Amino acid sequence: MRCSIEEYYRKLDRSLFIDNVNKNWADLDRPLPIGFGQTISQPSLVLAMTQQLNPQSHDRVLEIGTGSGYQTALLAAFAQEVFTVERIAELSSKARQRLDRMGFVNIQYKIGDGSLGWPEFEPYDKIMVTAAAAAIPDELIQQLGLGGRMIIPVGPPGMQELLLVKKSRQGQVTSRILEQVVFVELKGRYGWGTGD
Ligand code: SAM
């Protein structure tokens, strides 16, 4: 991808990722419902998170929470390969149809508990988590490669801290708070209940 993340973001039509009445509001800088109690994230926050993760053309990126596939598109446009995990099968399948239609051939999809990561393809250069965890999952830290970085919202429903987690070349893990955010809950082992 020759353009910058911001240029690609400005060209990406968010309405393609919404297939309900909220399509009309796709231009608003707001999260919007996509069904199943889930949301497509606020676009300016998706941009900021992608810029912080800084996907590169040689990167293998793990994304937890495929949702509509909007964030997945921004990652896949810049990374070598994206591995995206979603717990709701219908959302995963719709996202896949959209992203296939857009011509992406570098995305692998999994339906399951993404709080456990996707061990088959570790290590990942970058990890993007798009739902709020109760704590940073140990599995995700393990699956992050040396020199890697992860973006993850951590905290209770209603208000979380968006963390940038870095693993040094020597394996030392550090994190810093980027901003306060509000995301839907990560379910599963490291989330807020099973959701079942
Ligand atoms: N970035 C997405 C987008 O642009 O449309 C929005 C993601 S939405 C805020 C969070 C997603 O995480 C939801 O689709 C939800 O079903 C999913 N999710 C929550 N817990 C999960 C888990 N344990 N494993 C995988 N996906 C999960």
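Residues numbered from 1 in each chain as written. Predicted model: local features only at pLDDT ≥ 70, side-chain atom pairs only at ≥ 80, totals over all residues. Heavy atoms only, no water.

J.: Give me the lowdown on unusual backbone geometry, citing residues and values where you can.
T.: Note the cis peptide between Glu-122 and Pro-123, where omega equals 0°. Note on placement: Pro-123 falls in the loop between strand 5 (107-111) and strand 6 (124-129). Phi angles above zero are rare outside glycine, and Phe-36 is one such case at about 60°. Along the polypeptide, Phe-36 turns up in the loop between strand 1 (32-35) and strand 2 (38-40). Take Phe-36: its relative accessible area is 44%, and that puts it in the partly exposed class. Its identity as a non-glycine residue notwithstanding, Asn-54 has a phi of 55°, on the positive side. Among the secondary structure elements, Asn-54 is positioned in the loop between helix 2 (43-53) and strand 3 (60-64). (Helix = DSSP H or I, 4+ residues; strand = E, 2+ residues; numbered from the N terminus. Buried < 20%, exposed > 50% of the residue type's maximum accessible area, 1.4 Å probe, protein only.)

J.: An account of helix 4 (residues 89-101) is requested, with residue identities and associated values reported.
T.: The end-to-end C-alpha distance of helix 4, which contains 13 residues, comes to 18 Å, matching closely the 18 Å that a straight helix rising 1.5 Å per residue would cover. Where helix 4 is concerned, the buried positions are Leu-91, Ser-92, Ala-95, Arg-98 and Leu-99. Down the axis, helix 4 shows its buried residues gathered within 130° of arc, on one side only. Elements in contact with the buried residues of helix 4: strand 1, strand 2, helix 3 (70-76), strand 4 (81-86) and strand 5. (Expected span 1.5 Å × (residues − 1). Arc of directions from axis to C-beta. Contact = heavy atoms within 4.5 Å.)

J.: Which residues make up the site of the ligand, and what values go with them?
T.: In the neighbourhood of the ligand, 26 residues make up the surrounding shell, with Ser-68, Glu-86, Asp-113, Gly-114 and Lys-187 lying closest. Here an oxygen atom of the ligand sits 2.6 Å away from a polar atom, N or O, in the side chain of Glu-86. Contact between the ligand and Gly-114: a nitrogen atom at 2.7 Å from a main-chain N or O atom of the residue. If the ligand stood free it would expose 600 Å²; the protein chains cover 99% of that surface. (Near = heavy atom within 4 Å. Polar contact = N/O pair within 3.5 Å; in protein donor to acceptor, adjacent residues only side chain to side chain. Areas by Shrake-Rupley, 256 points an atom, 1.4 Å probe, with all protein chains shown as cover.)

J.: Got a sec to walk through the side chain of Glu-63? Specific residues and values, please.
T.: On the secondary structure map, Glu-63 appears in strand 3. In this structure Glu-63 is buried but unpaired, with Arg-98 as the nearest side chain of opposite charge at 11 Å. Look past the residues within four positions of Glu-63 in its chain and what remains in contact with it is Gln-71, Thr-72, Leu-75, Val-82, Phe-83, Thr-84, Val-85, Met-128 and Thr-130. (Lys, Arg positive; Asp, Glu negative; His and termini not counted. Salt bridge = Lys/Arg side-chain N within 4 Å of Asp/Glu carboxyl O.)

J.: Outline the packing of aromatic side chains, listing residues and values.
T.: Summed over all chains, the structure comprises 6 aromatic pairs. Seen from their ring centres, Phe-17 and Tyr-70 are 5.5 Å apart, and the 70° between their planes marks the pair as edge-to-face. Pair noted here: Phe-17 is in the loop between helix 1 (5-11) and strand 1 and Tyr-70 is in helix 3, with a separation of 53 residues, a long-range link. Like Tyr-70, Phe-17 is buried. Among the aromatic residues, ring-to-ring pairing joins Phe-83, Trp-118, Phe-121 and Tyr-124 into one connected group. (Phe/Tyr/Trp six-rings, centres within 6.5 Å; stacked < 30°, edge-to-face > 60°.)

J.: Describe the nonpolar core, and please don't skip the residues or the numbers.
T.: Counting residues in hydrophobic clusters, the biggest one holds 39 residues, and the most contacted among them are Tyr-8 and Phe-104. Elements represented by at least two residues in this core include exactly helix 1, strand 1, helix 2, helix 3, helix 4, strand 5 and strand 8 (160-167). Residues Val-85, Trp-118, Ile-127 and Ala-131 belong to the second largest nonpolar core, which totals 18 residues. (Core = buried A, V, L, I, M, F, W, Y, C linked by side-chain atoms within 4.5 Å.)

J.: Explain the layout of surface pockets residue by residue, including any values.
T.: Space inside the largest pocket adds up to approximately 410 Å³. In terms of lining residues, the largest pocket is bounded by 31 residues, among which Gly-65, Thr-66, Glu-86, Thr-130 and Ala-131 are the most central. When contributions to the lining of the largest pocket are tallied by element, the ones reaching two or more residues are strand 2, strand 3, helix 3 and strand 4. Ranked by residue count, the leading element in the lining of the largest pocket is strand 2, at 3 residues. Classifying every residue of the lining of the largest pocket by side-chain character gives 10 nonpolar, 15 polar and 6 charged. (1 Å grid on protein atoms, 1.4 Å probe; cavity = no way out; pocket = protein on both sides within 12 Å on 5 of 7 lines; lining within 4 Å. Points joined across faces, edges and corners; volume = space filled by probe spheres on them. Nonpolar A, V, L, I, M, F, W, Y, C, P; charged D, E, K, R; others polar.)

J.: Quick one: what's the story with the side chain of Thr-66, residue by residue and with numbers?
T.: In this structure, Thr-66 sits in the loop between strand 3 and helix 3. Side-chain polar atoms of Thr-66 contact the side chain of Thr-84, separated by 2.7 Å.

None of this, on its own, says anything about what the molecule does.
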